[in-house]
Amino acid sequence: MKALLWLVLCAAIAANVSLNLMENNALHIVLSVVSGLVVIASGTGLWMLRREARA
């Protein structure tokens, strides 16, 4: 599970960086928001799994 979350996190960060090369239009904004939410969700998932392992 952790490996999958790390993979998703890295892919979303790479997508967010590459989205900065796009023109500013509605699609750019939507994709940027989606990739940001994926980064936050996978980071939170990794943090939650870390806390469960320590308890």
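As the structure is a prediction and not an experimental result, all values here were calculated from the model.

## What about the overall build of the protein chain?
On a plain count of helices and strands, the protein chain comes out with two helices and zero strands. What you see for the protein chain is a C-alpha radius of gyration of 13 Å, clearly larger than the 10 Å of a compact globule of 55 residues, by over 25%. By its C-alpha atoms, the protein chain is 45 × 15 × 10 Å across when sized along the principal axes. Here the protein chain, with 55 residues, has 15% of them falling under the buried criterion. As displayed, the protein chain offers around 4200 Å² of accessible surface, 72% of which is attributable to carbon and sulfur atoms.

## Quick word on the side chain of S35
Structurally, S35 can be placed in helix α2 (residues 26-54). What makes S35 buried here is its relative accessible area of 6%. Leaving out residues up to four positions away in the same chain, S35 has contacts with A12, N16 and L19.

## A few points about the environment of S32
Examined against the element boundaries, S32 turns out to sit in helix α2. When its relative accessible area of 23% is taken as the criterion, S32 is described as partly exposed. Distance in space between the C-alpha atoms of S32 and R50 is 27 Å, their sequence separation being 18 residues. What S32 contacts, discounting residues up to four positions off in sequence, is N16 and L19.

## Digging into helix α1 (residues 2-19)
Given a rise of 1.5 Å per residue, 18 residues ought to cover 26 Å, and the 25 Å separating the end C-alpha atoms of α1 matches this to within 8%. Every buried residue belonging to α1 is among L5, L9, A12 and L19, and all of these are buried. Relative to the axis of α1, the buried residues are bounded by an arc of 95 degrees and lie together on one face. The outward face of α1, more than 90 degrees from its buried face, is lined by the exposed residues A3, L7 and V17.

## Details of a nonpolar patch on the surface
Residues M1, L4, L7 and V8 make up a contiguous nonpolar surface patch of roughly 440 Å² in combined accessible area. Counting through the fold element by element, V8 comes out in helix α1. Judged by its relative accessible area of 33%, V8 falls in the partly exposed class.

About the cut-offs
Residues numbered from 1 in each chain as written. Predicted model: local features only at pLDDT ≥ 70, side-chain atom pairs only at ≥ 80, totals over all residues. Heavy atoms only, no water. Helix = DSSP H or I, 4+ residues; strand = E, 2+ residues; numbered from the N terminus. Rg over C-alpha atoms; globule rule 2.2 N^0.38 Å. Buried < 20%, exposed > 50% of the residue type's maximum accessible area, 1.4 Å probe, protein only. Areas by Shrake-Rupley, 256 points an atom, 1.4 Å probe, with all protein chains shown as cover. Contact = heavy atoms within 4.5 Å. Expected span 1.5 Å × (residues − 1). Arc of directions from axis to C-beta. Patch = residues over 30% accessible without salt bridge, like charges linked within 9 Å, V, L, I, M, F, W, Y side chains within 5 Å. Salt bridge = Lys/Arg side-chain N within 4 Å of Asp/Glu carboxyl O.

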